[in-house]
Amino acid sequence: STQSTWGEKQQLLTKDLLNNMLNKLIPDDAYAILGITMFDLYPSEDWNFVFGQAQLVKRCGVFSFARYLPSFYSRYDDGELSDEEKTHLLWSSVKVCVHEITHMFNIEHCVYYSCLINGGNNLKEFESQVLNLCPVDLRKLQLIVGFDVIERYEKLLEWYNENEFIIESKWITRRLRDIKNFSVEDYINKLDLDENDIHDEKLDTLSSDVDVYLNAVCDSCSERIHNTRWKCLDCDDFDFCGECYLSESREKHSLSHTFAKLTNVDDIDDLYPALLIEHKKKLNNMYDQQINTLCEMGYDKSLVTELVIQYEGNVEKVLDNLN
């Protein structure tokens, strides 16, 4: 395979691995093949790296563990991983692995919702993504593979619990509860509509008159938030309603910021704190890795720390101010 370097780290060219190696190794009884490596990957001379890459039609994919190891951003091996680091490594690896496998079922990047199959151009962006498929891509995968949605969720819940994926476990639990308790008749009654007047378009656009989150106001349109609340995990107090989050207003807010999707009254006291803690941990780990790397390059630690926090981990801006 063609090789390159990122800093002092050796890299492998993904198209060589996919076309010249993995494509020739697919077993006759397999749908696809996925290569796993500890080498860093890059897709072309125009890109610094990728976490993984898959071919939509040729049933081949490859992904790397390299950038999920703390030692990747240091010249030195930090020794054995802590239990927390092992859990995080598993969480990150599962996400990129399933992301690439989903591509191999001819499913492209999602542009509709917060979804496992969203594109990601950097570590922070990729780690902020959820570990579940949105309704659109879940339906695509179901049509291709053929599975019972409830059975799939129950098996995922069992695995999440075994591996202490707390946030994902809570999400699946609520999802199963909502699916099992769902009734078309109750839904129509809740909307207070005559059954003959129900159309898909109306169901998609109508919202409940009940403000699920009391005193929650969208910081973009200043309207009270109904049904879906997007809360910024990087700001002290910033919220979008569902409509503004999907509009140009989202682009005006910092694109590097991560948002939590909150859909019921329990999420504020239950899901949101867990998401915030997890997000802060990932953010601090990323900042520490960047600070250590820049210090090894000879920069002053106090100045580097100040700039990394000020520019929220944007390495290009940090380097511009250091040089």
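Figured I'd write up the structure that's included with this text. (Residues numbered from 1 in each chain as written. Predicted model: local features only at pLDDT ≥ 70, side-chain atom pairs only at ≥ 80, totals over all residues. Heavy atoms only, no water.)

Our focus in this paragraph is the environment of aspartate 270. The topology assignment puts aspartate 270 in the loop between strand 9 (259-262) and helix 11 (271-296). Note on aspartate 270: relative accessible area 31%, which makes it partly exposed. (Helix = DSSP H or I, 4+ residues; strand = E, 2+ residues; numbered from the N terminus. Buried < 20%, exposed > 50% of the residue type's maximum accessible area, 1.4 Å probe, protein only.)

Right, let's talk about the pairing of strand 7 (residues 229-232) for a bit. With burial as the criterion, each face of strand 7 is covered, one bearing Arg229 and Lys231 and the other bearing Trp230 and Cys232. By the bridge criterion, three bridges tie strand 7 to strand 8 (residues 239-241) in an arrangement that is antiparallel. Paired with lysine 231 across the strands is aspartate 239, a residue of strand 8. In sequence, strand 7 turns back onto strand 8 through a hairpin of six residues. Sheet analysis places strand 7 next to strand 9, joined by four bridges and oriented antiparallel. Residue cysteine 232 lies in a different strand from strand 9, and its bridge partner there is phenylalanine 259. (Pairing = 2+ DSSP bridges.)

With that settled, consider the sheet that holds strand 7. Spatial strand order, 8-7-9: three strands in an open sheet with antiparallel pairing. Since the sheet does not close on itself, it has two edges, and those belong to strand 8 and strand 9, each with one partner. Here the average twist between neighbouring strands, direction ignored, is 25 degrees. Docked against the sheet, helix 11 engages strand 7 and strand 9, running at close to 165 degrees with respect to strand 9. (Axes fitted to C-alpha atoms, helices over the stretch in contact; angles between N-to-C directions. Contact = heavy atoms within 4.5 Å.)

Bringing the sheet that holds strand 6 (residues 60-64) into the picture now. The strand order across the open sheet built from three strands is 3-6-5, with neighbouring strands paired in mixed fashion. One side of each edge strand has no neighbouring strand; the edge strands of this open sheet are strand 3 (33-37) and strand 5 (52-54). Neighbour-to-neighbour, the strand axes of the sheet open up by a mean angle of 10 degrees, direction not taken into account. Sheet topology note: the strand 5/strand 6 ladder contains three bridges and is antiparallel. Paired with alanine 54 across the bridge in strand 6 is glycine 61.

Moving on: the layout of surface pockets. Within this model, the second largest pocket holds a volume of roughly 400 Å³. Together, 17 residues line the second largest pocket, and Val98, Ile101, Thr102, Leu141 and Arg152 are the ones closest to its centre. Broken down by element, the lining of the second largest pocket gets its largest block of residues, five residues, from helix 5 (residues 149-162). For the lining of the second largest pocket, the class distribution of residues is 14 nonpolar, two polar and one charged. (1 Å grid on protein atoms, 1.4 Å probe; cavity = no way out; pocket = protein on both sides within 12 Å on 5 of 7 lines; lining within 4 Å. Points joined across faces, edges and corners; volume = space filled by probe spheres on them. Nonpolar A, V, L, I, M, F, W, Y, C, P; charged D, E, K, R; others polar.)

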